[in-house]
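Read off the chains here:
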Amino acid sequence: MRRPDDVRLRRAAGPGLRPKPALSLARALSKLGVCSRREAERWIAAGRVEVNGAVERSSGRWIDPARDRLVVDGRRVEDRTTRVVLALHKPEGVVTTRVDPGGRPTVYDALGDVGRLAPADAPAQPGWVFPVGRLDRDTSGLLILTNDHRLGERLTSPEHHVPKTYHARVRGLPDAEALRALREGLPLDDGKATRPARVRVLGTPRPRPGAPADPGSTWLEIVLTEGRNRQVRRMGAAVGHEVVELVRVRIGRLGLGDLAPGEWRELGPEEVERLVARPPGHCAYDGSLPWRP
Ligand code: URA
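Presented here is a report on the structure given in the accompanying data block. (Residues numbered from 1 in each chain as written. Predicted model: local features only at pLDDT ≥ 70, side-chain atom pairs only at ≥ 80, totals over all residues. Heavy atoms only, no water.)

Thoughts on the sheet that holds strand E3 (residues 49-51)
Reasoning step 1: The antiparallel open sheet is built from four strands, whose spatial order is E4-E3-E6-E7. The sheet is open, and its two edges are formed by strand E4 (54-55) and strand E7 (75-77), each paired on a single side.
Reasoning step 2: In this structure, strand E6 (residues 70-72) lies alongside E7, joined through three bridges in antiparallel fashion. The residue bridging Leu-70 from the neighbouring strand is Val-77, located in E7. (Pairing = 2+ DSSP bridges. Helix = DSSP H or I, 4+ residues; strand = E, 2+ residues; numbered from the N terminus.)

Right, dumping it as structure tokens:
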């Protein structure tokens, strides 16, 4: 999980000693899959992190994860070389954060102890994992959690163009002009234009048994290669079609499959490849119908 540019060579302390790889404490915690670098900086400043038995409040302290003993909130952090990648079907109403100050349910509640426990405390479990990007509270669908920051960066960095496929139910029926704007890119409320997106109309919702038909909304499939905050909802608002239901059905070429809301599973190496593999023409569309619970 370590990249050459994350590692500085520390000068040997004396003749005959080999240089040791070292990295800053905050970066080490993030590389070890404990938390994000920014979160690590906060935890360190709050005195929650110990190095070799002493509280360390400097995020920039150089450490060698192979030799130095790191403890967070009393729990030992160890260098897991095993990559863990989980796919969660995030349900609606759940926030993508480790701890919600308002006490709302989080994606970690859906995982149970998995993802929260240090490997030393729970050797049979995948250890600490962090969510790759986030889904809004009211959005459901595929969320990846991993302890591998390089994978996280690969999936979220706009340079890699990993497509994320959403099924969005919008109010009304977008006309050709609205669809063209969504496809070609349009300025959002901050004035910055979106990248071109794949957009197609999937149809109108099937009436639920016993419920009246809903002629007033349309399912769209939207494939984005960027991940701005609440982007699909803001795109819908920008063309006058409020998004009333939103599901992320695919990342790269990995679909939600038959994971039920709240369920998760560990991904194998081939599935991880499908996450990052760039489909021909950068398009994740495979002709599937809108996913429905
Ligand atoms: N776009 C949104 O509006 N919300 C999400 O959660 C993801 C993409």
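Some details on the site of the ligand
Reasoning step 1: The ligand sits among Leu-135, Asp-136, Thr-139, Tyr-166, Arg-230, Gln-231, Val-232, Arg-233 and Leu-246.
Reasoning step 2: Residue Arg-230 places a main-chain N or O atom 3.2 Å away from an oxygen atom belonging to the ligand.
Reasoning step 3: Within the backbone of Gln-231, one N or O atom sits 3.4 Å away from an oxygen atom of the ligand.
Reasoning step 4: Contact with the protein chains hides 96% of the accessible area of the ligand, taken as 240 Å² for the molecule alone.
Reasoning step 5: Residue contributions to the shell around the ligand peak at three residues, all from helix H6 (residues 231-238).
Reasoning step 6: Here the residues of the shell around the ligand are counted per class, giving four nonpolar, two polar and three charged. (Near = heavy atom within 4 Å. Polar contact = N/O pair within 3.5 Å; in protein donor to acceptor, adjacent residues only side chain to side chain. Areas by Shrake-Rupley, 256 points an atom, 1.4 Å probe, with all protein chains shown as cover. Nonpolar A, V, L, I, M, F, W, Y, C, P; charged D, E, K, R; others polar.)

Observations concerning the packing of aromatic side chains
For any pair of aromatic rings, the description consists of the separation of the ring centres together with the inter-plane angle of the planes.
Reasoning step 1: Scanning the model with the defined rule gives zero aromatic pairs in all.
Reasoning step 2: Directly above the ring of Trp-43 sits Arg-48, whose terminal nitrogen or CZ lies 4.4 Å from the centroid. (Phe/Tyr/Trp six-rings, centres within 6.5 Å; stacked < 30°, edge-to-face > 60°. Lys NZ or Arg CZ within 6 Å of the ring centre and 35° of its normal.)

Concerning the pattern of salt bridges
Reasoning step 1: Counted according to the given criterion, the structure contains 17 salt bridges.
Reasoning step 2: Between Asp-136 and Arg-134 there is a salt bridge, with the nearest N and O atoms lying 4.0 Å from each other.
Reasoning step 3: Salt-bridge contacts for Glu-242 lead to Arg-171; the nearest nitrogen and oxygen are separated by 3.0 Å. One end of the pair, Glu-242, is in the loop between H6 and strand E14 (243-251); the other, Arg-171, is in strand E11 (residues 164-171), with 71 residues separating them in the sequence.
Reasoning step 4: Overlapping salt bridges bring together Arg-134, Asp-136, Arg-230 and Arg-233 as one network. (Salt bridge = Lys/Arg side-chain N within 4 Å of Asp/Glu carboxyl O.)

Details of helix H4 (residues 149-156)
Reasoning step 1: For H4, every residue scored as buried is listed here: His-149, Leu-151, Gly-152 and Leu-155. For H4, the buried positions fall inside an angular range of 155° around the axis, keeping them on one side.
Reasoning step 2: Its side-chain oxygen 3.2 Å from the backbone nitrogen of Leu-151, Asp-148 forms the N-cap of H4. (Buried < 20%, exposed > 50% of the residue type's maximum accessible area, 1.4 Å probe, protein only. Arc of directions from axis to C-beta.)

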